[in-house]
Each structure stands twice: as C-alpha cells, then as structure tokens.
Amino acid sequence: MREPALVPRLRPFTSTVFAEMTALAVRHDAVNLGQGFPDTDGPAGMLETAKNSLFGGDNQYPPGPGRPELRAAIGRHRQRYGASYDPDTEILVTAGATEAIAASLIALTEAGDEVIVVEPYYDSYAAAVAMAGARRRVIGLVETGNGQLELDLDALRDAINPKTRAVLLNSPHNPTGTVFSRGQLEEVARLCVEHDLIAVTDEVYEHLVFDGAEHLPLASFPGMRERTVAISSAGKTFNCTGWKIGWICSTPELVAAVKAAKQFITFVSGGPLQPAVAYALDNELEWVENLRVSLQEKRDRLSAGLADAGFAVRPSAGTYFVTADVRPLGFEDAAELAWTLPERAGVAAVPVKVFTDHPDEWKHLLRFAFCKRNEVIDEAVERLRKLV
Ligand SMILES: *Cc1c(COP(=O)(O)O)cnc(C)c1O
C-alpha cells in the first residue's frame, strides 16, 4: 500500500470542526452559533465603494504590497495606538489575517524553531506552524480570582528555551473573549526582549472590546516595535469576513521577509475590495463603534439566555464569542453535548477542546458566537431552554 498522500506534518489538519458542525447544523436545521461570522452587512459606504471599484475597472492585479491608498489608510488607522508605520515599507496587505499569520511563520521560522502558542488557540495557528516546518510549544491560560482568564506567565517563562523563535499572541482572544491586561502584556514584552523573540500578534478583534476594556497592541510596549509583526484584518471590524483583506504592520526588514513568502502564496488578492477597506478605515469607525456597542449587548443577551438554560457562562470581554461550562447541565464533556446538540436542541456550538493540545483541561467548555441578529440569538436561547 502506498503511504497516504498528505505529508505527516499536515495529517492532523484534514478536517475542521466548523465544516463538520455546520454540516450537522444544516442537517438538523439548527441555529448555527458555531462559526463566527455576522449575519448582517458592513457599512453601506464601504459596499458602495467596492461596487464602484468593480464597475470602475479596478479588476486587475493590485500592487504586490497592496493598493497604496489602503496602505496609507492602514497607517493612519494604526496611529490610534500612537504608532506610526511607513505605508511604503512597513505595511503589507494580505489575504486576510490567516495568510498574514501563515506567511509570517513561513518567512520567520523553520525546522528546529519553536513557536509559542497560547491555548485554546485559533485553529489556523497549529496548521500554520506545521506548514512552516516549525514546532508549536503550547502554553495555557489560568483562572484569576474573579473567574477571568489570564496568560500563564510562569508557563511562558518555562517554555522559552534557546530554540524559541517567536510568540504568537491573540488578544482579544478567540475563543475565550479574554483581553490581556497591560501588566500581562508588559511581562510578555519583557520576555520577548530579554530572549530576543519575534512576536506575531493577531489583533483581528482590536475594535471589539467591551465594558471599557482597552486593546493594547503588544508592539506599543518598550522594545517591541522592532520585533513585532502586528496583524489585523477588515473581516471582523467591518462585517466582511468573506473579503479576506488583512494586513501586517512591522519593520521594513520583517515586512520584506513576510512579503517574500506572501508573494508566492497568493501574490495579491481582493484588488477591487481594497479601496473599500481604505474608505472604511478612514470613514466608518463610528459605524464600528456602534457595532461594538451592539455586540456588547448581544454578548449580554446570549450570556443571560445561556445562564437561564442552565450553563455556567464565562465572562467575555471582547470578540464574537462567549464560552459556557456544560457541567451544571450534567455533562462532563462539552464535545459529547456539541455533537448531539443540533439534533436534540436545534442549536450548534463548538467545543473549546478542539482548539487545544490538552483536551482534558478544556473539555467542559462550549463556544457560542453572538455576532448574530437578536432574533437568531433569541431563537437559539428559546431552543436551549428546553434542554433541561
Ligand atoms: C477570524 C479570525 C482570523 C481570520 O481572519 P481573516 O482575515 O478572515 O483571515 C484570524 N484570527 C482570529 C483569532 C480570528 O478569529
């Protein structure tokens, strides 16, 4: 028998839980709170700008680093954090944050290198580290006194060794909704500087923080500007997850490195959408602020409903997601519940343990997306109430 065609290092990544869960949701006509995408459109002015580009002849390859007006708008937007990046040498437009992360790891790490990843982690991270040929070194989150989660800084200190090349950090954090505090980020920054590590930061939820929490880019901490690849994307900020317009901000050297990989993965993408994202970054941040407020209300709406249905709901300070403990409902393993939930209750959610290397430690949590219309959230809650 021939060996399986797929190389061993990618064999763990053949299917995603989202595809399986969505298929189940469709089969049982379930309300799908599994996958994190909004069910309403982004700002009308942005869509109008995209339409004008499509019909105005902007349909060929944009420049490799991205359209200049988009890079300029990204630079202006990034100034909200007191940071300035040169649009010509320090900003690169990518096919979403996903490509930005993969291209960064492929360009900056290789066999023998270790990349520190925080679990639970966004599902593309492990695959991207594997594609780069590097090794992931997983650290976790720990509970603080008030039920919040924070980085396990002791584990981070223990994980760093001479092979460590990079730290991949996501805040606001999918799937837990944790926004890492200034004190925690200070310590991460200090360790990166002390050990000469590169930080790759996934900031796609930078605008979606609640209750007065503040998004603090790791690049803004002392010594970090020169060693951080800061990644964000239009998808979550402007309700356009299908557009896949992302970007990185970093030093000329790091941007040139990531570009070397990126230009032979996709070269460019979304040419006619790039002017629309530029327009949105310059003109639609008030729309985003309204989105943020409405998502905070939706978080409260879904959290209250889940609590009512018997779940022990965890606090979420940002993102599209809230996690909930299934043990009060009499389950030990949330995956067991998740696989039967579409059929039993007509709702789909994702077990958090699929985002980890230590499923036992995370097996009691389910992740629910609240980036949905209120009537969709209410219908899901109504159905879940019948569980008990
Ligand atoms: C949605 C998401 C991404 C993917 O962003 P794209 O721009 O769609 O590629 C990356 N990281 C996290 C944490 C996400 O939730």
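Residues numbered from 1 in each chain as written. Predicted model: local features only at pLDDT ≥ 70, side-chain atom pairs only at ≥ 80, totals over all residues. Heavy atoms only, no water.

Visitor: It is not clear to me how the UniProt feature "domain: Aminotransferase class I/classII large" (unreviewed entry) in the protein should be interpreted in this structure. Could you clarify?
Guide: Here, UniProt's "domain: Aminotransferase class I/classII large" (unreviewed entry) annotation points to residues 29-384. Strand forms 17% of residues 29-384 and helix 39%; the C-alpha atoms that close the span are 14 Å apart. (UniProt positions renumbered as here; feature names shortened; annotations may be inferred. Helix = DSSP H or I, 4+ residues; strand = E, 2+ residues; numbered from the N terminus.)

Visitor: Is there a simple way to explain the site of the ligand in this structure?
Guide: With respect to spatial proximity, the complete set of residues near the ligand consists of Gly96, Ala97, Thr98, Tyr122, Asn170, Asn174, Asp202, Val204, Tyr205, Ser233, Lys236 and Lys244. One nitrogen or oxygen atom from the main chain of Ala97 is found 2.8 Å from an oxygen atom belonging to the ligand. Between a nitrogen atom of the ligand and a side-chain N or O atom of Asp202, the distance comes to 2.5 Å. Protein coverage of the free-state accessible area of the ligand, which is 390 Å², stands at 94%. The class makeup of the residues in the shell around the ligand is four nonpolar, five polar and three charged. (Near = heavy atom within 4 Å. Polar contact = N/O pair within 3.5 Å; in protein donor to acceptor, adjacent residues only side chain to side chain. Areas by Shrake-Rupley, 256 points an atom, 1.4 Å probe, with all protein chains shown as cover. Nonpolar A, V, L, I, M, F, W, Y, C, P; charged D, E, K, R; others polar.)

Visitor: Explain the sheet that holds strand 15 (residues 365-369) to me, please; I cannot follow it from the model alone.
Guide: Each strand in a sheet pairs with another by means of backbone hydrogen bonds, the pair being arranged parallel or else antiparallel. Strands sit in the order 11-12-15-14 across an open sheet of four strands; the sheet is antiparallel. Both edges of this open sheet fall to strand 11 (312-313) and strand 14 (350-351), since each of them pairs with a single strand only. Pairing between strand 14 and strand 15: two bridges, direction antiparallel. Following the sheet pairing, Pro351 is matched in strand 15 by Leu366. Where helix 12 (residues 334-344) meets the sheet, it contacts strand 14 and strand 15, and its direction lies at approximately 45° from that of strand 15. (Pairing = 2+ DSSP bridges. Contact = heavy atoms within 4.5 Å. Axes fitted to C-alpha atoms, helices over the stretch in contact; angles between N-to-C directions.)

Visitor: Whenever I open this one, the sheet that holds strand 10 (residues 245-249) confuses me. Can you help?
Guide: Taken in spatial order, the seven strands make up an open sheet running 2-10-9-8-7-3-4, and their pairing is mixed. Looking at which strands have only one partner, the edges of the open sheet turn out to be strand 2 (91-95) and strand 4 (135-139). Averaged over all pairs of adjacent strands, the angle between strand axes in this sheet comes to 25°, irrespective of strand direction. Pairing of strand 9 (residues 228-233) with strand 10, which is carried by four bridges, proceeds in the antiparallel orientation. Within the sheet, the bridge partner assigned to Ile231 lies in strand 10 and is Ile248.

Visitor: What should I look at first to understand the nonpolar core in this one?
Guide: Most often, soluble globular proteins keep nonpolar side chains buried together rather than apart. Counting residues in hydrophobic clusters, the biggest one holds 75 residues, and the most contacted among them are Leu302, Phe311, Leu366, Phe368 and Leu384. For this core, the element with the most residues is helix 4 (residues 96-108), which contributes seven residues. Mapping this core onto the domain boundaries places at least three of its residues in each of domain 1 (8-42 + 285-387) and domain 2 (60-283). (Core = buried A, V, L, I, M, F, W, Y, C linked by side-chain atoms within 4.5 Å. Buried < 20%, exposed > 50% of the residue type's maximum accessible area, 1.4 Å probe, protein only. Domains from an automatic or database assignment.)

Visitor: Please clarify how the pattern of salt bridges should be interpreted in this entry.
Guide: Charged atoms that come close allow side chains of opposite charge to pair. Counted under the stated rule, the structure contains 31 salt bridges. Among the salt bridges present, the one from Arg373 reaches Asp39, with a minimum N-O distance of 3.3 Å. You can see Arg373 sitting in the loop between strand 15 and helix 14 (374-385) and its partner Asp39 sitting in the loop between strand 1 (31-32) and helix 2 (44-55), a full 334 residues away along the chain. Judged by relative accessible area, Asp39 falls into the partly exposed class, the value being 26%. Among the salt bridges present, the one from Asp88 reaches Arg71, with a minimum N-O distance of 3.5 Å. With Asp88 in the loop between helix 3 (68-78) and strand 2 and Arg71 in helix 3, this pair connects stretches of sequence that are 17 residues apart. In the salt-bridge network here, residues are joined through shared partners; they are Asp154, Arg157, Glu187, Arg190 and Glu194. (Salt bridge = Lys/Arg side-chain N within 4 Å of Asp/Glu carboxyl O.)

Visitor: What is the right way to read the pairing of strand 8 (residues 198-202) from this model?
Guide: Residues in a regular strand project their side chains so that they alternate between the two faces of the sheet. Counting buried positions over the five residues of strand 8 gives five, a clear majority of the element. Of the two faces of strand 8, the one carrying Ile198, Val200 and Asp202 and the one carrying Ala199 and Thr201 are both buried. Bridge count between strand 7 (residues 164-170) and strand 8: five bridges; the pairing is parallel. The residue bridging Asn170 from the neighbouring strand is Asp202, located in strand 8.

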